[in-house]
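Structural description and commentary
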Amino acid sequence: MSNVITKPKSVDAWLAYIEALHPKSIAMGLERVSIVAQRLALFGQFKRPVIVTVAGTNGKGSSCAMLERIYAEAGYRVGCYTSPHLQRYQERVRVCSEEISDQALCDAFNAVESARGAIELTYFEMGTLAAFWHFSQQPLDILVLEVGLGGRLDAVNIVDADCAIVTNVDMDHMEYLGDTREKIGLEKAGVYRANQIAICGDRAPPQSLVGYATKLGVALHCIQQAFDVDARDGHWCYRDTHGELDFPPLSLTGVFQRDNAASVIYAVRALSSVLPVADAVIVEALPKVQLTGRFQYLNHTPDIIVDVAHNPQAAQSLLDNLLALRKNMPKDGRFIAVFAMLADKDIQSVVNILMQQFDIWHVAEIKHPRAAKLNDLVRIFSDCDVSSPVEAHLNIELALSVAYKNATKNDKIIVFGSFFTVAAALDYWDATRFQPSLV
């Protein structure tokens, strides 16, 4: 594609432009993105920050948020790159917990556009390089990077991390990563580097991941072996060879978040020779961490909870949270689902895991090219033999509006199925707060 064009002037214009750059939304491989990165001269050795890469099926965003908070409270300058975003693209690129400005983002896109020449880059590759260029212009102590998809061939993996975490391995993105945990685990293990810190938070790691680390000659630090956590009467304890730390409950909901926190704590302690952090800072910082869209309450009486769960493992975690909630619910309280997913996800497995929990389902179609069509969603519910009523709606906004209008004060409305599902709900909530004149 020729660069002889008028370059975009606004963030929205740039996003529309980069979305059309490559014929595919996802194109695995590092060759193209590496060439452009070399042209941009990113992260020179004399100003390179410490880099932590986070891969895994679920828990990447939470782990990055934990690392970002700990190092910020320790007084370090932290850059953080995550994806996808929920309401604004700028959420993906943060320095010292502040989102990138519109002008800085446009400058970063412009730098990548000038460097790429005739090389076609995907939306994610262009955005990743833009984020890296922006970070390279900042005086950072540490850079926290979330892998977009997989690990080995993800654009984030063009940099060599000083520490790499694989949070867990489960079935997702099978068309790109493989149809077994062993195949997916091997792809995710690709973020590990020889002579660097390699951490795994999966309690039953695939042998392929363990074997890859062995082949690299790197010591793999796994939960239940190098470190672990356990619950103790309203608090929880982390332990490794450096000693124990006692924590109050996390703000992030779910038992699995303690495993995410454990991997993060181990990483921070393992990096202490280059970035010292007092244990007291870790204990103070972790319980404060919050993250949009992770079992997040938008409203009370009735409760509205949004969760980005979009694969079977995340659905199981959501189930655990719902079962915990049900213990303290009034007898007349119902669970009401507002649900939409992408067509390339394992919709049937997610429905099978959760179908017994909901008294009614409000099913809708996401405004996205990869969205599961409404008729297909309804058919899946029929195939799964869901016994609860299933109501179909044209969009998330309508589904949430109807669910809210028909809810009683003791009901809990759970919005889930995709980042895009939650994003639509958040935008609608921000715009209306369900005022009668606007709903």
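Notes on the structure in this doc start here. (Residues numbered from 1 in each chain as written. Predicted model: local features only at pLDDT ≥ 70, side-chain atom pairs only at ≥ 80, totals over all residues. Heavy atoms only, no water.)

Let's talk about helix H3 (residues 60-73)
Quick note on the threshold: Strands are runs of DSSP state E lasting at least 2 residues, helices are runs of H or I lasting at least 4, and numbering of each runs from the N terminus. Take the number of residues in a helix, subtract one, and multiply by 1.5 Å to get its expected span. Three labels apply to residues, based on accessible area from a 1.4 Å probe with only protein chains included: buried if under 20% of the type maximum, exposed if over 50%, partly exposed otherwise in between.
Over its 14 residues, H3 extends 20 Å from the first C-alpha to the last, a length consistent with the 20 Å expected when each residue adds 1.5 Å. Of all 14 residues in H3, eleven are buried, a share of seventy percent or more. Within the span of H3, buried status applies to Lys60, Gly61, Ser62, Ser63, Cys64, Ala65, Met66, Leu67, Glu68, Ile70 and Tyr71. Positioned one or two residues after H3, Gly75 has a phi angle of 95 degrees, which is positive.

Observations regarding the sheet that holds strand E10 (residues 235-240)
Counted only if it meets this: Only strands that DSSP links by at least two bridges are regarded as paired with each other. Comment: axis = line fitted to C-alpha atoms, over the contacting stretch for helices; angle = value between 0 and 180 degrees taken between N-to-C directions. Pairs of residues are marked as contacts when any of their non-hydrogen atoms sit within 4.5 Å.
Pairing within the open sheet is antiparallel, and its three strands lie in the order E9-E10-E11. Two strands close off the open sheet at either side, each with one partner strand: strand E9 (227-232) and strand E11 (243-247). With direction set aside, neighbouring strand axes in the sheet form an average angle of 20 degrees. In this sheet, E10 lies alongside E9 in antiparallel orientation, the contact comprising six bridges. Paired with Val229 across the bridge in E10 is Tyr238. The sheet strands contacting helix H9 (residues 256-270) are E9, E10 and E11, and the helix crosses E10 at an angle near 40 degrees.

Some words on the packing of helix H1 (residues 11-19) against helix H4 (residues 102-116)
Just so we agree on the cut-off: The handedness criterion is simple: a crossing whose near helix is rotated anticlockwise from the far helix by less than a right angle is left-handed, and one whose near helix is rotated clockwise is right-handed. Any residue outside Ala, Val, Leu, Ile, Met, Phe, Trp, Tyr, Cys, Pro, Asp, Glu, Lys and Arg is labelled polar, Gly included; the first ten of those are nonpolar and the last four are charged.
Running from N to C, H1 and H4 cross one another at 35 degrees; their axes reach a closest spacing of 9 Å. Note on packing geometry: the crossing formed by H1 with H4 is left-handed. Taking contact as the criterion, the partners of Val11, Trp14, Leu15, Tyr17 and Ile18 in H1 are, on H4, Asp102, Leu105, Cys106, Phe109, Asn110, Glu113 and Arg116. Tallied by class, residues from the contact of H1 with H4 come to eight nonpolar, one polar and three charged.

Some words on the state of the cysteines
Formally: Cysteine sulfur atoms are paired as a disulfide whenever they fall within 2.5 Å.
For the structure on display, the rule yields zero disulfides. Between Cys237, a free cysteine, and Cys222, which holds the nearest cysteine sulfur, the sulfur-to-sulfur gap is 20 Å.

Considerations on the packing of aromatic side chains
Which entries qualify depends on this criterion: Pairs were defined over the aromatic rings of Phe, Tyr and Trp, the Trp ring being its six-membered one, requiring ring centres within 6.5 Å. Orientation was assigned from the angle between planes: stacked under 30 degrees, edge-to-face over 60, tilted for the rest.
Applying the stated criterion across every chain, the model contains 19 aromatic pairs. When the ring of Tyr81 is compared with that of Phe124, the centres are 6.3 Å apart and the planes differ by 35 degrees; the resulting orientation is tilted. Of this pair, Tyr81 sits in strand E2 (residues 78-81) while Phe124 sits in helix H5 (residues 123-136), placing them 43 residues apart in sequence. What links up through ring pairs into an aromatic cluster is the set Phe335, Phe339, Phe358, Trp361, Phe381 and Phe416.

Some remarks on the layout of surface pockets
The condition that has to hold: For cavity detection a 1 Å grid was placed over the protein atoms alone, and a set of points counts as a cavity when a 1.4 Å probe fits there but cannot get out; an open set counts as a pocket when protein lies on both sides within 12 Å along at least five of seven lines, with lining residues being those that have an atom within 4 Å of a point. Grid points are joined across faces, edges and corners, and a volume is the space filled by probe spheres set on the points.
For the second largest pocket, the calculated volume is near 540 Å³. Counting residues per element, the lining of the second largest pocket draws most heavily on H3, which supplies five residues. The residue inventory of the lining of the second largest pocket, partitioned by class, reads seven nonpolar, eight polar and ten charged.

Focus: the pairing of E11
Bridge analysis of E10 against E11 gives five bridges, and the strand direction is antiparallel. Across the sheet, the residue bridging to Arg239 is Glu244, located in E11. The hairpin turn running from E10 into E11, its antiparallel successor, is two residues long.

Let's talk about the environment of Tyr428
One can find Tyr428 in helix H15 (residues 419-432). Taking the C-alpha atoms as reference points, Tyr428 and Ser401, 27 residues apart in sequence, are found 9.2 Å from one another.

Examining H1
This is how it is decided: Read the arc as the range of directions from the helix axis to the C-beta atoms.
Looking at H1, one finds that the buried residues are Val11, Trp14, Leu15, Tyr17 and Ile18. Looking straight down H1, one finds its buried side chains confined to an arc of 165 degrees; they lie on one side. Set apart from the buried face of H1 by more than 90 degrees, the exposed residues are Asp12 and Glu19. Against the buried residues of H1 lie H4 and H5.

Section: the sheet that holds strand E17 (residues 412-416)
Backbone hydrogen bonds are what pair the strands of a sheet, in a parallel or an antiparallel way. Spatial ordering of the open sheet is given by E12-E13-E17-E14-E15-E16, a layout of six strands whose pairing is mixed. The sheet is open, and its two borders are formed by strand E12 (296-299) and strand E16 (390-392), each paired with just one other strand. Sheet twist, expressed as the mean angle between neighbouring strand axes with direction ignored, is 25 degrees. Summarising the sheet, strand E13 (residues 303-307) and E17 pair through five bridges and their orientation is parallel. When the sheet's bridge partners are listed, Ile304 is paired in E17 with Ile413. Sitting on the sheet, helix H12 (residues 347-354) touches strand E14 (335-339), strand E15 (360-363) and E17, and the angle it makes with E14 is about 175 degrees.

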